[in-house]
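So you can see what is in the structure, the chains are spelled out below.
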Amino acid sequence: MNRFRRTSTSVAAVATAAALAVALAAPPAGARTDDLAGLWLLNEGSGQVANDLSFSGNRGQLGSTSSADAHDPEWISLPRLLFLKRAALRFSGSQSVRMPDAPSLEPDGVTVLARVRSTGPGAFRYVMSKGAFQCENASYGLYTGGDGGLRFYVSDGTQVHLSADAGTGLWDGAWHTVRGAFDGQQLRLYVDGAQVGEPAPAAVDVYYGMPTGDDFYLGDYAGPCATPLGFVGDIDAAAVIGHYDSDAGLAQ
Ligand SMILES: [Ca+2]
């Protein structure tokens, strides 16, 4: 391996880690506090568990059982970062990692982050979802939407509020860091640190306690549904950050 290639690979890997770190370290606004509700670097490389590196204990299980099954995403290797062995998970439309329902995954305001790579997942495919109302919508979700791009949304129990759409150009086969943020007033979407479009107004409360299911999924939506809602592509890392306001609500 030549020196340049090795260096550039390491730089890319450091940039990846730095992008997540910067996003995670964004200062809280006003009287809010931010808690890391889940951080899954997905570097295990084998087995049935995705460990949560936050202190929230939201460990995930691959597929629908603790044994190998058809809903397990596939571990793939990524270039090493110095001596750190790195991996990611490959999803092909009906695979998932499931984290059981937990209060830490149900904050007033929520930010989701992921490193994703795909050449075209299709429409209504989920990178993440929390809870499920039939096959309609989650409490919050990061998905490709009707146009096959990428959107973040929250549900208030009556209506779904969507962020701007990143568009299908995101799915160019390269890794991208995506972030969806809801602060109680607006929904924002970022790709590789740049905000997509305008913030979408949504002065609502996220509705939790969905009747169909309340677990959190990486790579899919709690189904089964008539049409597949699972992501088609790779997820390198993911995180959920909860924003908790010490006052009555976030809508101040
Ligand atoms: Ca399994």
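This write-up is about the structure you can find in this document. (Residues numbered from 1 in each chain as written. Predicted model: local features only at pLDDT ≥ 70, side-chain atom pairs only at ≥ 80, totals over all residues.)

1. A few points about the overall build of the protein
Scanning the protein from terminus to terminus reveals one helix and 17 strands. Across the 252 residues of the protein, 40% fall into the buried class. Counting contacts in the protein only where the partners sit at least 6 residues apart, residues at least 24 apart contribute 65% of the total. (Helix = DSSP H or I, 4+ residues; strand = E, 2+ residues; numbered from the N terminus. Buried ≥ 20, exposed ≤ 12 C-beta atoms within 10 Å, placed from the backbone. Contact = placed C-beta atoms within 7 Å.)

2. So, the sheet that holds strand S10 (residues 151–155)
Ordered in space as S2-S3-S6-S16-S8-S9-S10-S11, the eight strands form an open sheet in which the pairing is antiparallel. Bordering the open sheet on either side are strand S2 (49–50) and strand S11 (160–162), each of which pairs with just one other strand. Relative to S11, S10 is paired through three bridges, and the arrangement is antiparallel. In the strand pairing of S11, Val154 is matched with His161. (Pairing = 2+ DSSP bridges.)

3. Looking at unusual backbone geometry
Omega for the bond connecting Gly223 with Pro224 falls within 30 degrees of zero, at 5 degrees, which places this linkage in the cis form. Phi at Leu82 takes a positive value of approximately 50 degrees, unusual for a residue other than glycine. Position of Leu82 among the secondary structure elements: in the loop between strand S4 (74–81) and strand S5 (84–92). Not every positive phi belongs to a glycine, and Gln134 is a case in point at roughly 45 degrees. The topology assignment puts Gln134 in the loop between strand S8 (126–132) and strand S9 (140–143). Note on Gln134: 11 C-beta atoms within 10 Å, which makes it exposed.

4. Brief notes about the nonpolar core
Counting residues in hydrophobic clusters, the biggest one holds 57 residues, and the most contacted among them are Ala114, Val127, Met128, Ile235 and Ala238. It is strand S17 (residues 232–245) that provides the largest number of residues to this core, a total of seven residues. Those residues in contact with Ala238 that sit more than four places away from it in its chain are Trp40, Leu113, Ala114, Met128 and Leu218. (Core = buried A, V, L, I, M, F, W, Y, C linked by C-beta atoms within 7 Å.)

5. Thoughts on the environment of Gly45
Positionally, Gly45 belongs in the loop between strand S1 (32–40) and S2. Between the alpha carbons of Gly45 and Trp75 there is a distance of 5.4 Å; along the sequence they are 30 residues apart. Leave out the neighbours within four places in its chain, and Gly45 touches Trp75, Ser77, Lys85 and Ala87.

6. Quick look at the pairing of S10
It is a general feature of regular strands that their side chains alternate between the two faces of the sheet. Along S10, five of the five residues are buried, which leaves the element largely enclosed by surrounding structure. In S10, alternate side chains face the same way, and those of Arg151, Tyr153 and Ser155 on one face and Phe152 and Val154 on the other are all buried. Direction of pairing for S9 relative to S10: antiparallel, over a ladder of four bridges. In the strand pairing of S10, Leu142 is matched with Phe152. Between S10 and S11, which follow one another and run antiparallel, lie four residues, and Gly157 among them has a positive phi close to 95 degrees.

7. Overview of the pairing of strand S13 (residues 186–191)
Bridge count between strand S12 (residues 176–182) and S13: five bridges; the pairing is antiparallel. Opposite Ala181, over in S13, you have Arg188 as the bridge partner. Of the pairings in the sheet, the one linking S13 to strand S14 (residues 194–195) comprises two bridges and is antiparallel in character. What sits directly across from Val191, in S14, is Ala194. The antiparallel hairpin formed by S13 and S14 contains two residues in its connecting segment, where Asp192 sits at a positive phi of about 50 degrees.

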